[in-house]
Amino acid sequence: MQNITTVSSAVADVSARITAACERVGRNPQEVTLIAVSKTMPVEAIREAMECGMVDFGENRPQELRDKQAEITEPLRWHMIGALQTNKLKYVIGKTTLIHSVDSVHLAEAIEEMSAKKGLVTEVLLEINIAGEDSKHGISPEDSEQLVRDVAKFSHIKIRGLMTVAPYTEDAEENRVYFRKMKQLMVDINSKNIDNVYMDVLSMGMTGDYEIAVEEGATLVRVGTGIFGHRVYLPKE
Ligand SMILES: *Cc1c(COP(=O)(O)O)cnc(C)c1O
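To start, this report covers the structure provided alongside it.

Rules behind the numbers
Residues numbered from 1 in each chain as written. Predicted model: local features only at pLDDT ≥ 70, side-chain atom pairs only at ≥ 80, totals over all residues. Heavy atoms only, no water. 1 Å grid on protein atoms, 1.4 Å probe; cavity = no way out; pocket = protein on both sides within 12 Å on 5 of 7 lines; lining within 4 Å. Points joined across faces, edges and corners; volume = space filled by probe spheres on them. Nonpolar A, V, L, I, M, F, W, Y, C, P; charged D, E, K, R; others polar. Near = heavy atom within 4 Å. Polar contact = N/O pair within 3.5 Å; in protein donor to acceptor, adjacent residues only side chain to side chain. Helix = DSSP H or I, 4+ residues; strand = E, 2+ residues; numbered from the N terminus. Buried < 20%, exposed > 50% of the residue type's maximum accessible area, 1.4 Å probe, protein only. Contact = heavy atoms within 4.5 Å. Core = buried A, V, L, I, M, F, W, Y, C linked by side-chain atoms within 4.5 Å.

1. Here's the deal with the layout of surface pockets
Taken as a whole, the second largest pocket encloses approximately 280 Å³ of empty space. Its residues placed into classes, the lining of the second largest pocket shows 6 nonpolar, 6 polar and 3 charged.

2. Let's talk about the site of the ligand
Taken together, V37, K39, I81, M163, V165, M206, T207, R222, V223, G224, T225 and R231 make up all the residues around the ligand. Between T207 and the ligand, the recorded distance is 2.4 Å, taken from a side-chain N or O atom to an oxygen atom. For the ligand, an oxygen atom lies 2.8 Å from a polar atom in the backbone of G224. Residue classes in the shell around the ligand are distributed as 6 nonpolar, 3 polar and 3 charged.

3. As for the side chain of S144
For S144, the location among the structural elements is in helix α5 (residues 141-152). Of the residues examined, S144 reaches a relative accessible area of 1% and is grouped as buried. If sequence neighbours within four positions are ignored, S144 has contacts with I128, I139, L185 and I189.

4. Concerning empty space enclosed by the protein
Under the criterion given, the structure shown has 1 cavity of 30 Å³ or more. Roughly 30 Å³ of volume is contained in the largest cavity. If you trace the largest cavity, you find it lined by K39, T40, N60, R61, E64 and Y233. Residues belonging to the lining of the largest cavity are distributed by class as follows: 1 nonpolar, 2 polar and 3 charged.

5. Looking at the nonpolar core
One broad rule of soluble globular proteins: the nonpolar side chains tend to lie buried together. I18, F57, I99, L162, V221, I227 and F228 are the most contacted members of the largest nonpolar core, which has 67 residues in total. If sequence neighbours within four positions are ignored, I18 has contacts with V32, L34, Y210, V214 and V221. One finds I35, L98, L125 and M163 within the second-largest nonpolar core, a separate group that totals 6 residues.

Put into structure tokens, the structure is as follows:
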């Protein structure tokens, strides 16, 4: 974990790079929100980022989210960015701003049911495996329109957009083509005029490639290492 001056200078640096990327392509920097991915990081690290004005935080494990929310009661915007099992939804529904990782009707059905029970509308992104990697979650671009149509029927879910985790690469430029495909996919789906569907959120870009993602239209970038330093994974209990 980095100390407070490191976290605040990292947040300032990442924010400046986002602004510069916007300027290169004529976008308004206000269109892009930086999410600090705080998975594995202690509560103190989150507090340090809060002190430099961060309000959007990303977590990928429901129980870790629950534990952090028990300690941090300030009104933050929590994003669920990891794979979700339906039996963990109780830690997520009504407790997060946005679920980025919906990739099946089965999961959407469970979100619908719990949201209805709680009298909520849950906002979600559909996760796309844009490069067709075997190791990645998400649906293929080809299957995405059908999933949009199926999920759009649920009255307690609002589809806000699409999310992807691009391939790991040393050269971020290699991911430009995938970010461009994501943007085009969103435009294509919007053009089908599906009832209840208008998407304007694109969650893409991580520490290694967020500047390219912003140039290609990202509205949410998810940066962990670039803000908090390297993660140390402890064995799962
Ligand atoms: C961990 C994670 C990130 C952040 O990755 P960094 O490379 O550390 O910025 C972003 N998105 C998802 C879905 C993640 O799991």
